[in-house]
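# Close look at the chain arrangement
Listed below are the residues making up each chain.
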Amino acid sequence: RMISGSPIGLVLLNDSLVILAQHCVWYGECGNSTSVPGKKYNCNYTGPPLPLPEDGHDLLLELCPGFAYGNDSVCCDIQQLQTLKGNLQLPLQFLSRCPACFHNLMNLFCELTCSPRQSQFLSATSFSYNNVTNTTSVEAVQYYIGQTFANAMYNACMDVQAPSSNVKALSLLCGKDAKDCNATNWIQYMFNINNGQTPFSITPIFTDVPMANMTPMTNATRGCNESLADGSGPCSCQDCKLVCGPMPVPPPLPLPWTILGMDAMAVIMWISYVVFLLIFIGGVLVTWCYRKRAIMSEYGPILDSNTHSLNRHITDQDEVTCCETLGQAFEVCLRNYFSVWGSFCVHHPLVIVLCSLVLVTACSSGLVYMRVTTDPVELWSSPRSQARHEKEYFDMHFGPFFRTEQLIITTTLDSASIYSPYFGGPDVPFGAPLDKGVLHQVLDFQTDIENLEASYGNETVKLKDICLAPLAPYNNNCTILSVLNYYQNSHEVLDHWKGDDFFTYADYHSHFLYCVSAPASLNDTGPLHDPCLGTFGGPVFPWLVLGGYDATNYNNATALVITFPVNNYHNDTEKLNKALAWEAEFIRFVKNYTNPNLTISFSAERSIEDEINRESNSDVSTIILSYAIMFIYISLALGHINRCRRLLVDSKISLGVAGIFIVLSSVTCSLGIFSYAGVPLTLIVIEVIPFLVLAVGVDNIFIIVQTYQRDERMLQEELHQQIGRILGDVAPSMFLSSLSETVAFFLGALSNMPAVRTFSLFAGLAVFIDFLLQISCFISLLSLDIKRQESNRLDILCCVKLQESQESRTEGFLFRFFRQTYAPFILKEWVRPLVVALFVGILSFSIAVTNKVEIGLDQKLSMPDDSYVLDYFTKMSQYLHTGPPVYFVVKDGHNYQTVEGQNSVCGGVGCNNNSLVQQLYTASQMSNYTRIGFPPSSWIDDYFDWVKPESTCCRVYNSSGAFCNASVVDKSCIHCRTLEQGKARPTGAEFMKFLPMFLSDNPNPKCGKGGHAAYSSGVDLTQNNTDVGGTYFMTYHTILKNSTDFIEAMKMARILADNITQTMNPEGNASHVFAYSVFYVFYEQYLTIATDTAFNLGVSLSAVFVVTTVLLGFEIWSAILVCLTITMILVNMFGVMWLWGISLNAVSLVNLVMSCGISVEFCSHIVRAFSVSTAGSRVQRAQEALAYMGSSVFSGITLTKFGGILILALSKSQIFQIFYFRMYLAIVLLGATHGLIFLPVLLSYAGPSVNKAKALATRKCFTGTERERLLNF
């Protein structure tokens, strides 16, 4: 008799089996088993085989096809065959996907149960007599099995997969993990009376030669790569490595680019730098020698023969080129326009100020429509991006990815222990968290969380109201991924124990060891008979609920992981708010939970957003202090104090405050206008744009005010004429920088990255509005302040007037320092080569390390220093072994109803070796390369196993055709398909007829293949269940610990999906596969971040070049020098990023785009001052430009920003410290050093020649004035 309920494989006997007539060992069933209640013994019978009744022939043919017993005389009756069929249901469901494996296993059990030559290899060793029935039962037998047969059977089955649980089938049938299973211990386990299924003892004896007058059962076997006589093909590659051929070898990791064992970029840049130095120093020495011989001045130009003032040599228009004339005309046009406009603003200050206030109020009123985007998806992923489209498809067809609440629990107790299995085997160490006492405490904690109640409005929200319950409404238990679900989340089950006064046969240890190897099992086949399947109806994979173990030794776990998946409601605000309310209560409870024996790290779905908001609120004071310092400096530094007595007269606090108000007004106007247009704001816009506009705006304010302070009003010149003239001098420079930045930012909005695009739009408009307000409102306010000052009225208290006193105009300290000390020193003949050598050296270093800047954003950086989420991130990296789930989605259009369509996706018998499932399986075997950690769960393979007629899974009511679950006992339930139909897969309408039944079937002990829990959400049925739309095949990434891991995982998954798509479409079919994981939408930006950075910065530089060329009077060379210097600043920014550990991501890219704009401020004013200068030589022109513009740039940007930036270092936020303090400081320091040190030196060497048309115009303008002598000096 076959062992009742044993988890054993199936048997198909050899097609041509020669049977030698022998006597039987048993026949029929009698006597109840004393070892396994509900099971029966076989009756002792030593007579000849008996003919099988006619109504048992079909059953024998079904179970043991190929048995040729002549007159069907066998050693079993119909009842034994029915018992055999019932007991083989579970093995059939998992092993029949490999026909050869199933064939060999049925050999083993058909021979055991029914063979007419039983006595050759089966020996009864123990009997019991029943006086009531007068029958003798067989209580123990010895089964002689050929070792070769056993090995061949194991080899054919060892690779068979269980698709729904991502493990090998033998893990479910061997009593231990498949890696520890072999031919002998597998058979020994199946025949062991202590496994809770075998009603009597069967002792297997393995031998290939006769012994003890017994001949071993050595039937012929089939290899998994062989076909069967019934037409069944070889097993699939996934289930049989012999079919696969050699495993693909992943390509070797690319070797680092080296030259002579050193980094190639470093070597190249060192060589380039040395070559440059030799050429440059050689040129300097040759020129110096030449000039010494020519007795030239130290300040003579190196490459210019014009030793004296150019103005003396320009006497007529013949020497002026057409381009120079055009440039001069454009310059005059700009100067005249701004002069007239400035004069008008001074004439009508109140009108201008009032109009400005009305404009600012109207624009800023749009803030009432302001929307701030905090959704990370909207911030970092373009609506047109591949990841967004794929996410939307996934959410639409399968529902949004669930929200995750996760706990990582360790214990402070030293409770590690050693478990000694009663049934033999080596001792098994158990980690401290797996101590039963600790597990009881964790279960109490877990139960408390399940029972948490949160208030939402007038309702009470519990976990059961929002949790993921895959079998609802049949089973409303929440999905809880916890090791305690192996014990049904029950203290009672955890305490289950079988043993006697001396030994423990089974307890929570043995159940744990079984469940981690067979998580989908409904019965651990041991003495306890407890299920492993979670209470929610699905498997609990050990790699999801345990942490800190080595390899697959889950018993060594040092951490427990508990995950509560919660339904996500993207389009249902009410339900989403309930989930948020419960999560808030969950966070509060866990924060306040105390247990001296447990250490708990945790995170909820809302945790990151909550902590970012808390971080933003905590940094408000830091930001306010930073801006306050800058405001105070601006207010005080604008004044030019000559005497202490006139301190309150000459100070410009009120004007400084007004200037700051104008800067901030430009920001609010920009925000308001785009809010009118419905463009949402982002936190980056709010945090970065004020810094940017303050830099640009304050620089312009200092230029205007300090130019006035240095200027002397000419005879017969009124105030409005003076300010108009001053504005005509400086406004073109302001217009140049502002328009360059505006165009650069607006072009930056072409970026696909939403955060960069939004920043660019808001920044471009804010900068331009700031310029308009400064040349209008600020000019009017400046004129009013000058009138106040000239009438000796106090600043702020303008109604108070001092006695009249003679005002003496003197130069400011900073201007005097720049003109008399700094500029002459920087431009000394021996200093300039050192400056060039130093800056080119820094540039070379930066180029060498640019490709070494890391890409990505460590999620830890987004958290405050004191955040509980930081501890969770640390524990996650330390303990977790599995990455996020990844879904390979087959979009609508694939035809599953044809054999060809099925073969291109499935992984079982007859499926293509390059099918979707097979490619994913192969990828999982190279997990270090592909980042795919496990074989996929395959709904179509489980469906084919489920629908087989040999299985009891697919049944319908004979009368109505409705589905009949395997657990239903009803004679009117019949198989969905006949044995003849079962030889081929269902296709066409038949495929669709039974698929909805499979997807609604709940797993049960008689059918573990029901697809409701595992696949109901993964198959989208369309057209009233008559066709299959989108489907997915799920697996997991390997553990991903940093941005590089996440980026590589996404990249490899997409490559794999593209390969699958190509193999599924050999003739251009409509099938398309894409990979989806919840993190792809955030990390996709990093696949193109390098090209996006190059594009954005390239577009910005191009805009600066074009605008500079036009506004400098078509001086292309000047524009090239500006762009060269800005490029150097940007490249050096990458060097700083590498040195300071700043990664390249959307935040740093926004800062780089901003640095391009601020760099224009550092460079354009100096270059324009050089361009319009008519001094005699390049050195003199550079010195003049540096003296007059350098001091304003230094005081307007460098000093203003420096104090404010230093305060950012006090922020608790790591992201502020790294991406704002460090990058802002680098922007200001690099901008200042390049604009105020390198650029003047560069202009002294290679600056453009004087525009002769401008020189003539300047000479004519000042003919007969004091300034004519200075010009000709």
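Predicted model, so just to flag it, every value in this text is computed and none were measured.

### Notes on the overall build of the chain
- Along its length, the chain carries 45 helices and 29 strands.
- Per-residue burial for the chain yields a buried fraction of 57% across its 1273 residues.
- At a minimum sequence separation of 6, the contacts of the chain that also span at least 24 residues come to 75%.
- Put simply, the chain shows about 50,600 Å² of open surface, and 60% of that area lies on carbon and sulfur atoms.

### Re the state of the cysteines
- Using the criterion set out here, one finds 15 disulfides in the structure.
- Across the disulfide, Cys515 is cross-linked to Cys532 (sulfur-sulfur distance 2.0 Å). Here the S-S torsion is close to -80°, and the disulfide linking Cys515 with Cys532 is therefore left-handed. With Cys515 in helix H18 (residues 508–517) and Cys532 in the loop between H18 and helix H19 (542–545), this residue pair connects regions lying 17 residues apart in the sequence. Exposure class is identical for Cys515 and Cys532. Each is buried.
- Cys906 shares a disulfide with Cys911; S-S distance 1.8 Å. What sets the handedness of the Cys906 and Cys911 disulfide is the S-S torsion sign, and at about -110° it is left-handed.

### What to know about the packing of helix H29 (residues 831–850) against helix H40 (residues 1116–1139)
- Put simply, H29 and H40 touch, their axes get as near as 8 Å, and they point 60° apart. Relative to H40, the element H29 lies oblique. For the element pair H29 and H40, the recorded crossing hand is left-handed. Contacts between H29 and H40 pair Phe839, Ile842, Leu843, Phe845, Ser846, Ile847, Val849 and Thr850 from the former with Met1128, Val1131, Asn1132, Phe1134, Gly1135, Trp1138 and Leu1139 from the latter.
- Here the contact of H29 with H40 is composed, by residue class, of 11 nonpolar, four polar and no charged.

### What about the pattern of salt bridges?
- One pass over the full model with this rule turns up 21 salt bridges.
- The partner of Asp729 in a salt bridge is Arg335, and the shortest N-O contact between them spans 2.2 Å. Of this pair, Asp729 sits in helix H26 (residues 719–748) while Arg335 sits in helix H11 (residues 322–347), placing them 394 residues apart in sequence.
- Overall, Asp729 belongs to the partly exposed group, its relative accessible area being 32%.
- Here Arg335 falls in the partly exposed class, since its relative accessible area comes to 28%.
- For Lys1051, the salt bridge identified is with Glu1048, shortest N-O distance 3.4 Å. Taken together, the residues Lys1051 and Glu1048, both in helix H37 (residues 1043–1064) and three residues apart, mark about one turn of the helix.
- Among the ionic contacts, a cluster of salt bridges with common partners joins Asp942, Asp945, Lys948 and Lys1009.

### Details of the packing of aromatic side chains
- Throughout the structure, instances matching the rule amount to 66 aromatic pairs.
- On the numbers, 5.8 Å between centres and 45° between planes, the contact of Tyr369 with Tyr676 is tilted. Placement of the pair is Tyr369 in the loop between helix H12 (349–364) and strand E12 (372–373) and Tyr676 in helix H24 (residues 653–676), with a sequence separation of 307 residues.
- Exposure remark for Tyr369: the relative accessible area of 53% places this residue in the exposed category.
- The partly exposed category is assigned to Tyr676, whose relative accessible area is 46%.
- Ring plane angle 10° and centroid distance 4.5 Å describe the contact between Phe602 and Tyr868, whose orientation is recorded as stacked. One end of the pair, Phe602, is in strand E22 (residues 598–603); the other, Tyr868, is in helix H30 (residues 868–879), with 266 residues separating them in the sequence. The pair formed by Phe602 and Tyr868 is uniform in burial state, with each residue classed as buried.
- An aromatic cluster is present here, built from Phe394, Phe398, Phe401, Phe402, Tyr887, Tyr1032 and Tyr1076 joined pairwise through their rings.
- In this arrangement the basic side chain of Lys891 is found over the ring face of Tyr393, its NZ or CZ atom lying 5.2 Å from the centre.
- The ring of Phe1170 carries Arg1181 above its face, with NZ or CZ at 4.1 Å from the centroid.

### Notes on H18
- Counting buried positions along H18 yields eight of 10 residues, so the element is predominantly enclosed.
- Buried residues of H18: Tyr508, His509, His511, Phe512, Tyr514, Cys515, Val516 and Ser517, and no others.
- The residue sitting at the N-terminus of H18 and contributing the capping side-chain oxygen is Asp507; that oxygen lies 3.0 Å from the backbone nitrogen of His509.

### A word on the confidence of the model for the chain
- Looking at the chain as a whole, its pLDDT mean stands at 83, while 90% of the residues score no less than 70.
- With pLDDT under 50 throughout, residues 1–20 is counted as low confidence; its partners more than four residues away or in other chains account for 119 contacts.
- This model gives residues 296–313 a pLDDT under 50, and the stretch forms 40 contacts once residues within four places in sequence are excluded.

### Remarks on H30
- With 12 residues, H30 ought to run about 16 Å at 1.5 Å a step, and its terminal C-alpha atoms sit 17 Å apart, in line with that.
- What H30 keeps buried is the set Tyr868, Val869, Leu870, Tyr872, Phe873, Lys875, Met876 and Tyr879.
- The N-terminus of H30 is capped by Ser867, whose side-chain oxygen sits 3.1 Å from the backbone nitrogen of Val869.

### Considering the side chain of Ser607
- Mapped onto the fold, Ser607 is located in helix H21 (residues 607–618).
- Note on Ser607: relative accessible area 0%, which makes it buried.

### Section: the sheet that holds strand E24 (residues 882–890)
- One open sheet accounts for four strands, arranged E27-E28-E24-E29; its pairing is antiparallel. A strand with exactly one partner marks an edge of an open sheet, and here the two such strands are strand E27 (1019–1022) and strand E29 (1073–1076). Averaged over all neighbouring strand pairs, the angle between strand axes comes to 20°, with direction disregarded.
- Relative to strand E28 (residues 1027–1038), E24 runs antiparallel, the two sharing seven bridges. Its bridge partner being in E28, Thr882 is matched across the sheet by Thr1038.
- Against the sheet, helix H14 (residues 386–398) contacts E24, E27, E28 and E29, and its axis sits at roughly 90° relative to E29.

### Thoughts on the pairing of strand E17 (residues 459–462)
- The sheet contact formed by strand E16 (residues 453–456) and E17 spans four bridges and is antiparallel. Within E17, the residue paired with Tyr456 across the bridge is Glu459.
- Taken together, E16 and the strand that follows it, E17, pair antiparallel across an intervening segment of two residues, in which Gly457 is found at a positive phi of about 65°.

### Considerations on the nonpolar core
- In terms of nonpolar packing, the biggest core is built from 206 residues, with Phe759, Phe888, Leu916, Trp946 and Leu995 touching the most fellow members.
- Per-element accounting of this core gives the leading share, 21 residues, to helix H43 (residues 1214–1246).
- Those residues in contact with Phe759 that sit more than four places away from it in its chain are Val685, Val688, Ile689, Leu692, Phe745, Val1150, Val1153 and Met1154.
- Counting 150 residues, the second-largest nonpolar core is a separate cluster that includes Cys64, Ile78, Leu108 and Ala579.

Scoring rules and cut-offs
Numbers given to residues run from 1 along each chain, matching the order in which its sequence is written. Totals for whole chains, interfaces and linings use all residues, but because this is a predicted model, local features are given only for residues with pLDDT of at least 70 and pairs of side-chain atoms are given and counted only at 80 or more. Side-chain metrics rest on all non-hydrogen atoms present in the structure, leaving aside hydrogens and water. To qualify as a helix, a DSSP run of H or I must reach at least 4 residues; to qualify as a strand, a run of E must reach at least 2; elements of each kind are numbered from the N terminus. We call a residue buried when its accessible area falls under 20% of the maximum for its residue type, exposed when it is over 50%, and partly exposed in between, using a 1.4 Å probe and counting protein chains only. By definition, residues are in contact when any of their heavy atoms lie within 4.5 Å. Accessible surface is estimated by sampling points in the Shrake-Rupley manner with a 1.4 Å probe; for residues, cover comes only from the protein chains shown. By disulfide we mean two sulfur atoms from cysteines, separated by a distance within 2.5 Å. Axis geometry follows a simple rule: fit a line to the C-alpha atoms, using only the stretch in contact for helices, then measure angles between N-to-C directions, giving values from 0 to 180 degrees. Here is the rule for angles: anything less than 35 degrees is roughly parallel, anything more than 145 is roughly antiparallel, 65 through 115 is roughly perpendicular, and the remaining ranges are oblique. Helix crossings get a hand from a simple test, with the near helix turned counterclockwise from the far one by less than a right angle marking a left-handed crossing and a clockwise turn marking a right-handed one. By the convention adopted, Pro, Cys, Tyr, Trp, Phe, Met, Ile, Leu, Val and Ala count as nonpolar, Lys, Arg, Asp and Glu as charged, and the other residues, Gly among them, as polar. Any Lys or Arg side-chain nitrogen found within 4 Å of a carboxyl oxygen on Asp or Glu counts as a salt bridge. Within 6.5 Å between ring centres, the rings of Phe, Tyr and Trp (the latter by its six-membered ring) count as paired, and their orientation is classed by plane angle as stacked under 30 degrees, edge-to-face over 60, tilted in between. Charge-over-ring contacts are defined here by two conditions on Lys NZ or Arg CZ: a distance within 6 Å of the ring centre and an angle within 35 degrees of the ring normal. Distance and chemistry together define a polar contact, namely a pair of N or O atoms within 3.5 Å, with one atom able to donate a hydrogen and the other to accept it when in protein, and with adjacent residues in sequence counting only for side-chain atoms on both sides. What pLDDT conveys is the predictor's confidence in a given residue, as a value from 0 to 100. Expected span, for any helix, means 1.5 Å times one less than how many residues it has. DSSP bridges decide pairing: two strands pair if at least two such bridges lie between them. Throughout this description, the term nonpolar core refers to a set of buried Ala, Val, Leu, Ile, Met, Phe, Trp, Tyr and Cys residues connected via side-chain atoms within 4.5 Å.

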